[in-house]
Amino acid sequence: MRRLQERFRRFMNHPAPANSRYKPTCYEHAANCYTHAFLIVPAIVGSALLHRLSDDRWEKITAWIYGMGLCALFIVSTVFHIVSWKKSHLRTMEHCFHMCDRMMIYVFIAASYAPWLNLRELGPLASHMRWFIWLMAAGGTVYVFLYHEKYKIVELFFYLAMGFSPALVVTSMSNTEGLEEVAWGGLIYCLGVVFFKSDGVIPFAHAIWHVFVATAAAVHYYAIWKYLYRSPADIIRHL
Ligand SMILES: [Zn+2]
């Protein structure tokens, strides 16, 4: 038991060496950039559409929050991968953008849940998740700032814990329309984690992870658009 505790202590205190990160090939760098860069414009257009479809102020604010998270994810990711590809000699700059990229994951999880938590009826206890998810995002951001790349397993655990905990609240809603799509999106993210953790093992693993993220984000966007904002019939009526 004592030996196990000692091993755990050593594991927790052992920081990852600065050069331990996998260095992608030129083609992998390009794939990492393009797989998210091509989604910036659709994310902006999609966010603007939700804003336009909003019926009241609360829906508008939520469309802003979700839209900002969606656009920022693809923008920050693209900028980080460009810097990592073209400016990798500027180590501090690359490090900062890498931290921002990882912080964005926490913010993006909170933003993705925001429309469901804000616009659906929740019970008195469950409604606390509306602000608690942002507290978790803030905690994750501070964690990245303090321990970036040090304890990768802990980081992964935090991502998954934050991704799953609001789902418990979401499933307790009286109106469950669209939750199947939310679950499908979540499953796609989870499958993508296999590639997220396979840098240097599977060629183009990180770009494949990006494709999983884009697909899951598209499924979630579709569900938000269809079930929380207006239906296609309403759009045609308003044209
Ligand atoms: Zn990436």
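How each quantity is defined
- Residues numbered from 1 in each chain as written.
- Predicted model: local features only at pLDDT ≥ 70, side-chain atom pairs only at ≥ 80, totals over all residues.
- UniProt positions renumbered as here; feature names shortened; annotations may be inferred.
- Helix = DSSP H or I, 4+ residues; strand = E, 2+ residues; numbered from the N terminus.
- Buried ≥ 20, exposed ≤ 12 C-beta atoms within 10 Å, placed from the backbone.
- Contact = placed C-beta atoms within 7 Å.
- Expected span 1.5 Å × (residues − 1).
- Arc of directions from axis to C-beta.
- Axes fitted to C-alpha atoms, helices over the stretch in contact; angles between N-to-C directions.
- Parallel < 35°, antiparallel > 145°, perpendicular 65-115°, else oblique.
- Nonpolar A, V, L, I, M, F, W, Y, C, P; charged D, E, K, R; others polar.
- Core = buried A, V, L, I, M, F, W, Y, C linked by C-beta atoms within 7 Å.
- pLDDT = per-residue confidence, 0-100.

The chain is annotated in an unreviewed UniProt entry as Monocyte to macrophage differentiation factor from Gallus gallus. Under the UniProt heading Subcellular location (unreviewed entry), the note attached to the chain is "Endomembrane system".

Colleague: Requested: an account of the environment of cysteine 33, with residues and values cited.
Modeller: Within the fold, cysteine 33 resides in helix α2 (residues 26–37). For cysteine 33, a count of 22 C-beta atoms within 10 Å translates into the label buried. Residues cysteine 33 and valine 79, 46 residues apart in the sequence, show an inter-C-alpha distance of 7.9 Å. With residues near it in sequence (within four places) discarded, cysteine 33 still touches Thr78, His81, Ile82 and Trp85.

Colleague: Pulling in residues and values, what's your account of helix α3 (residues 40–53)?
Modeller: An ideal rise of 1.5 Å per residue puts 20 Å on 14 residues; α3 measures up with 20 Å between its terminal C-alpha atoms. Along α3, the positions that sit buried rather than exposed are Ala43, Gly46, Ser47 and Leu50. With its buried residues spanning 100 degrees around the axis, α3 presents them on a single face. Set apart from the buried face of α3 by more than 90 degrees, the exposed residues are Val41 and Val45. Looking at the buried residues of α3, the elements they touch are α4 (57–86) and α9 (205–228).

Colleague: Now, about the UniProt feature "binding site: Zn(2+)" (unreviewed entry) in the chain: what can you tell me, with residues and values included?
Modeller: Taking the UniProt record as the reference, the feature "binding site: Zn(2+)" (unreviewed entry) is found at His81, His206 and His210. Considering the C-alpha atoms alone, the annotated residues occupy 130 residues of sequence yet fold into one spot, their largest mutual distance being 11.4 Å. Considering the arrangement of structural elements, one finds histidine 206 in helix α9. On the neighbour-count criterion, histidine 206 (20 C-beta atoms within 10 Å) is buried. Not counting residues within four places of it along the chain, the set of residues in contact with histidine 206 comprises Pro24, Glu28, Asn32 and Asp199. Within the secondary structure layout, histidine 210 lies in helix α9. Overall, the presence of 26 C-beta atoms within 10 Å leaves histidine 210 in the buried class. What histidine 210 contacts, discounting residues up to four positions off in sequence, is Asn32, Thr35 and His36.

Colleague: Kindly report on unusual backbone geometry, identifying the contributing residues and their values.
Modeller: Here phenylalanine 204, not a glycine, exhibits a phi torsion of approximately 60 degrees, which is positive. Note that phenylalanine 204 resides in the loop between α8 (179–196) and α9. The class for phenylalanine 204 is partly exposed, based on 19 C-beta atoms found within 10 Å.

Colleague: I'd love a proper account of the packing of α3 against α4, names of residues and values included.
Modeller: Interhelical geometry of α3 versus α4 gives an angle of 175 degrees and a closest axis separation of 9 Å. Viewed along their axes, α3 and α4 adopt a mutual orientation that is roughly antiparallel. Here α3 contributes Ile40, Ala43, Ile44, Gly46, Ser47, Leu50 and His51 to the contact with α4, which in turn contributes Lys60, Ala63, Trp64, Tyr66, Gly67, Leu70, Cys71, Phe74, Ile75 and Thr78. Residue composition of the contact of α3 with α4, grouped by class: 11 nonpolar, 5 polar and 1 charged.

Colleague: If you had to explain the nonpolar core to someone new, which residues and values would you point to?
Modeller: Judged by nonpolar contacts, the single largest core of 46 residues is most densely connected at Val107 and Ala110. At the level of secondary structure, the elements contributing two or more residues to this core comprise α3, α4, α5 (91–119), α6 (129–147), α7 (152–170), α8 and α9. Among all residues touching valine 107, those that are not within four sequence positions of it are Gly69, Ala72 and Ala137.

Colleague: Give a detailed account of the environment of arginine 52, specifying residues and quantitative values.
Modeller: With respect to the secondary-structure elements, arginine 52 resides in helix α3. For the pair formed by arginine 52 and tyrosine 229, sequence separation is 177 residues and the distance between their alpha carbons is 9.6 Å.

Colleague: Talk me through the confidence of the model for the chain; I want residue IDs and the actual numbers.
Modeller: Taken residue by residue, the chain gives an average pLDDT of 85. The fraction at 70 or more is 86%. Within the chain, no element has a lower average pLDDT than helix α1 (residues 2–13), which sits at 53, and none a higher one than α3, at 95. Confidence drops under a pLDDT of 50 for residues 11–19, and excluding neighbours within four residues, the segment shows 4 contacts in the predicted structure.

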